[in-house]
Amino acid sequence: MKIRVSALALACSFAYPMVVLADQAEKSPELAQVIVTATRIDVPDTEATYASEVHGRQDIERSSATTLVDYLARHSSLQVTPNYGNRFAPSINMRGYGLSDGYQNVVISVDGRRLNNIDMVPQLLGSIMLDDVERIEITRGSGAVMFGDGATAGTIQIYTRARDGVSAELFGGSHGVRGGAFSAGVAQERFALSASGEHSESDGFSDKDGSGHSDESQIDTWRVGLSGKPVDGLELKLDSGRSRIDSRYPGWLSLAQFKDDPAQHRPGSGDYTHQKFNTEYWGLGAEYDFGAGWRVAARHYDEDKRSEYPAWSSRADYRNLSDEFSLSYRGEALALVTGVQYFDGERNGGMDKTTKRNTGWFVQGQYEFDQLTLSAGARTERIEYAYRPTTGARLDEDERLSSWDIGFNYRLDPALSVFGNYNASFQAADIDRFFVTDWSTGITRFNGFIEPAKVKTLTLGLNHVTAANRLKLAVFHARLTNEIYYYNSGTWMLPSFNTNIDKSHKYGLELQDTWQVTPDLSAALNYTWTRAIIDRENDGGGAYNGKELPGVPRHGVVLGLNLKVSEPGNLHLSHTWRSKTWAEADFDNNNTQKQRAYQTTDVAYRHQVTKSVEMYAAVSNLFDRENGMWIRDDAIYPIDFERTWRLGARVKF
């Protein structure tokens, strides 16, 4: 593993101070206990039967990250990059599923509201205000029982926070970044109301195109939450929000152009892609505690979205309806949750309506002995597809798929525990892959080349937690049948189509460590080693057999150092590095150009001026690294290619 010393070695030297500091760890404050909730059964993460990674509010505030996308990309084990230049709906790679299709192998939810789309558009993470996030819970290699379709790599569950009091924030920075945010809330014993909003805009990072626009962006978003307990045991919730995103994102550059100036607009490439994305939702929820450990819960979400490309007069309207009803029991040793989930997604393209409906029934349970916890769960799901053109033939099809999960956690002593998890999961094709249109005739039909992907994943790991150190280690192996991908023939004379990799497998190692070195100094390490191998794929004529899935770096490192420099001041330093790999479309591993290693060093300082006033400053990509995303030879999308800075102030009333 070759690493440039200038940045990474510097970060390492800070993140892991000299051993002489170890004796001070005994005087350090204890690390807080972490609770995970992926199975709807709350347990400490060290007693869970699956691998997890949790980021709390304190971690988020220390980072001084600008957006949720920025935080996940630079401070988690996930590989997150703009999707062909789109920073608001990014590509996501977890456990070796790649940047091209990895986002479809991860279920992402916000307070239970599913963000995954029914087509090939990634989750709109840019619509979520980072300041609203209380906790991010990443479940790796598990989650298909509770979340169903698409949870093959795992899940990302985002939980928002209730507000109490009033706060306002203003910020500005390089490249014309500017904006403001507010929050207000009241919390009483039986009633809570929260409201928050944010406006943010940027002049862009690339040169202007022929129309005089850069890759500029603007987003306005707000959210309101209301909860009440009218009688003992009953809680009611109402949640609503809206986002308006107007963005332009640049195209690719050749290698020579990227080396010359990654900010340039490629001559002859036309204007930057201009997209407007609007989304609004509302949700209702109710939960009733019967006593004796029994609880019933129900919730409903209704979301409308519109994606528009003004230059192409292209528009698509979406509506997602989701419902869940569950019954749970929690005793001293036994915990059970069972229920039904329904998701109805529709896309209206003007000339047709296409839907994908998922209905899943699940049961999940665990039993705690003195030192041993056992868990098991199962799910069956029906997926229904429908295509309704204004003229022409209608199409209908359905699939019935299932998943299951078993696990254990054994506590050897108060500090050390080991766990194991084995599960089966699935991914049903989205509507863009399931239906294909012959543009020469205008006829839409079923894609005969596509099948649901099925995965079996084994994870083994250990947790070692002391008052000043939290270590988590996991190894995994996943065996896949019919992994979904896009076969590109490389020439217009031969067809390209969405299809399956017949057989493939993935394996790797994941390491997390948090160390409270002294009362004022803490360090963190997040390391991943991943291999993703194509065993057999007939459409490639054997050229892909035994090759690595492109876009999957073998090594990923996130290092962090947090120093309380004074009572009101806090300094945070982090470094993110991901090793070079094959370009995203290089399935036969023979391109001349490979995906370069990604690296960035970030530093942030926060200062509590008074009890109600806080100021902060942050610099990203401190060493001015020129990063990019390689699609193929001479097709590079510039990302994080220069140093940026930001200043801000927050006032609490």
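Just so you know, these numbers come straight off a predicted model, no measurement behind them. (Residues numbered from 1 in each chain as written. Predicted model: local features only at pLDDT ≥ 70, side-chain atom pairs only at ≥ 80, totals over all residues. Heavy atoms only, no water.)

### Looking at the overall build of the protein chain
Each helix and strand counted, the protein chain has seven helices and 35 strands in total. Here the protein chain holds 653 residues, and 54% of them are scored as buried. Counting only contacts in the protein chain whose residues sit at least 6 apart along the sequence, the fraction spanning at least 24 positions is 63%. Surface accessibility of the protein chain: about 28,200 Å² in total, with carbon and sulfur atoms responsible for 55%. Charged side chains in the protein chain number 70 positive and 85 negative. The centres of these two groups are separated by 1 Å. (Helix = DSSP H or I, 4+ residues; strand = E, 2+ residues; numbered from the N terminus. Buried < 20%, exposed > 50% of the residue type's maximum accessible area, 1.4 Å probe, protein only. Contact = heavy atoms within 4.5 Å. Areas by Shrake-Rupley, 256 points an atom, 1.4 Å probe, with all protein chains shown as cover. Lys, Arg positive; Asp, Glu negative; His and termini not counted. Charge placed at Lys NZ, Arg CZ, Asp CG, Glu CD.)

### Quick notes on the nonpolar core
Counting residues in each nonpolar core, the largest one holds 29 residues, and the members touching the most others are Leu125, Ile136 and Ile156. Every element with two or more residues in this core is listed here: α3 (68–75), β6 (106–110), β8 (133–140), β9 (154–160) and β26 (469–487). Once residues within four sequence positions are removed from consideration, Leu125 is found in contact with Leu68, Val69, Leu72, Phe88, Pro90, Ile92, Ile108 and Leu115. Formed by 16 residues, the second largest nonpolar core is a distinct cluster that contains Tyr385, Leu401, Phe434 and Phe435. (Core = buried A, V, L, I, M, F, W, Y, C linked by side-chain atoms within 4.5 Å.)

### Concerning the pairing of strand β33 (residues 628–632)
Taken across its five residues, β33 has four buried, putting it largely inside the fold. Sheet analysis places β33 next to strand β34 (residues 635–638), joined by four bridges and oriented antiparallel. Within the sheet, the bridge partner assigned to Gly628 lies in β34 and is Pro638. Linking β33 to β34, which pair antiparallel, is a turn of two residues; within it Asp634 sits at a positive phi near 55°. (Pairing = 2+ DSSP bridges.)

### Observations regarding unusual backbone geometry
The backbone phi angle of Arg40 is positive, close to 65°, even though this residue is not glycine. By the secondary structure assignment, Arg40 is in the loop between β1 (35–36) and β2 (43–44).

### A word on the packing of aromatic side chains
According to the stated counting rule, one finds 20 aromatic pairs in the structure shown. Between the aromatic rings of Tyr309 and Trp312, the centroid separation amounts to 5.2 Å while the plane-to-plane angle is 20°, which identifies the pairing as stacked. The class of Trp312 is exposed, set by a relative accessible area of 57%. Over the aromatic face of Trp582 sits the side chain of Lys594, whose NZ or CZ is 4.2 Å from the ring centroid. Over the face of the ring belonging to Trp252 we find Arg632, whose NZ or CZ atom lies 6.0 Å from the ring centre. (Phe/Tyr/Trp six-rings, centres within 6.5 Å; stacked < 30°, edge-to-face > 60°. Lys NZ or Arg CZ within 6 Å of the ring centre and 35° of its normal.)

### A short note on the side chain of Glu53
Position of Glu53 among the secondary structure elements: in strand β3 (residues 51–56). In terms of polar contacts, Glu53 uses its side chain to reach the side chain of Arg140, at 3.0 Å. Those residues within four positions of Glu53 in sequence are excluded, and the remaining contacts are Ser76, Ser77, Ile136, Glu137, Ile138, Arg140, Gln512 and Asn526. (Polar contact = N/O pair within 3.5 Å; in protein donor to acceptor, adjacent residues only side chain to side chain.)

### Description of α3
Most of α3 sits out of view: eight of its eight residues are buried. Every buried residue of α3 is listed here: Leu68, Val69, Asp70, Tyr71, Leu72, Ala73, Arg74 and His75.

### Thoughts on the sheet that holds strand β7 (residues 113–114)
The five strands are arranged β3-β8-β9-β6-β7 in an open sheet whose pairing can be described as mixed. If you trace the sheet from one side to the other, it starts and ends with β3 and β7, each paired once. Pairing between β6 and β7: two bridges, direction antiparallel. Within β7, the position partnered with Ser109 by the bridge is Arg114.

### What about the confidence of the model for the protein chain?
Per-residue confidence for the protein chain averages 92 on the pLDDT scale, and 95% of its residues sit at or above 70. Residue range residues 1–26 is modelled with pLDDT below 50. Its contacts to residues more than four positions away, or to other chains, number 46 contacts. (pLDDT = per-residue confidence, 0-100.)

### Let's talk about the environment of Ser64
As for its placement among the helices and strands, Ser64 is situated in the loop between α2 (57–63) and α3. Judged by its relative accessible area of 8%, Ser64 falls in the buried class. Sequence separation of Ser64 and Val619 is 555 residues, and the distance between their C-alpha atoms is 9.4 Å. Those residues in contact with Ser64, other than ones at most four positions away along the chain, are Ala604, Arg606, Tyr616 and Ala618.

### Side note on the side chain of Ser167
Topologically, Ser167 is positioned in strand β10 (residues 165–173). On the basis of relative accessibility, which here comes to 11%, the residue Ser167 falls in the buried class. For Ser167, the side chain forms a polar contact with the side chain of Ser183, separated by 2.6 Å. Discounting chain neighbours no more than four positions away, the residues touching Ser167 are Ala181, Phe182, Ser183, Val651, Lys652 and Phe653.

### As for the pattern of salt bridges
All told, the structure shown has 48 salt bridges when counted by the stated rule. Put simply, Asp149 and Lys356 hold a salt bridge, and the shortest N to O gap is 2.9 Å. With a gap of 207 residues between them, Asp149 in the loop between α5 (144–147) and β9 and Lys356 in strand β19 (residues 352–368) connect regions that are remote in the sequence. Comparing Asp149 with Lys356 shows no difference in burial state: the two are buried. With its nearest N and O atoms 3.7 Å apart, the salt bridge here joins Arg531 to Glu548. On the criterion of sequence distance, the pair formed by Arg531 in strand β28 (residues 521–536) and Glu548 in the loop between β28 and β29 (555–563) is long-range, its members being 17 residues apart. A relative accessible area of 15% places Arg531 in the buried class. Salt bridges here are not isolated pairs; linked through shared partners, they connect Arg57, Glu61, Asp131, Asp132, Arg161, Arg163, Glu169 and Arg650. (Salt bridge = Lys/Arg side-chain N within 4 Å of Asp/Glu carboxyl O.)

### Overview of the environment of Ile534
When you line up the elements, Ile534 lands in strand β28. Ile534 gets classed as buried once you look at its relative accessible area, which sits at 1%. Separated by 54 residues in the primary sequence, Ile534 and Asp588 have C-alpha atoms spaced 9.7 Å apart. Non-local contacts of Ile534, meaning those with residues more than four positions away in its chain, are made with Ile501, Lys503, Ser504, Tyr544, Asn545, Gly546, Lys547, Glu548, Leu549 and Phe587.

### Some details on the environment of Ser425
Here Ser425 lies in strand β22 (residues 416–427). You can call Ser425 buried: its relative accessible area is 3%. C-alpha separation for the pair Ser425 and Leu401, spaced 24 residues apart in sequence, amounts to 8.9 Å.

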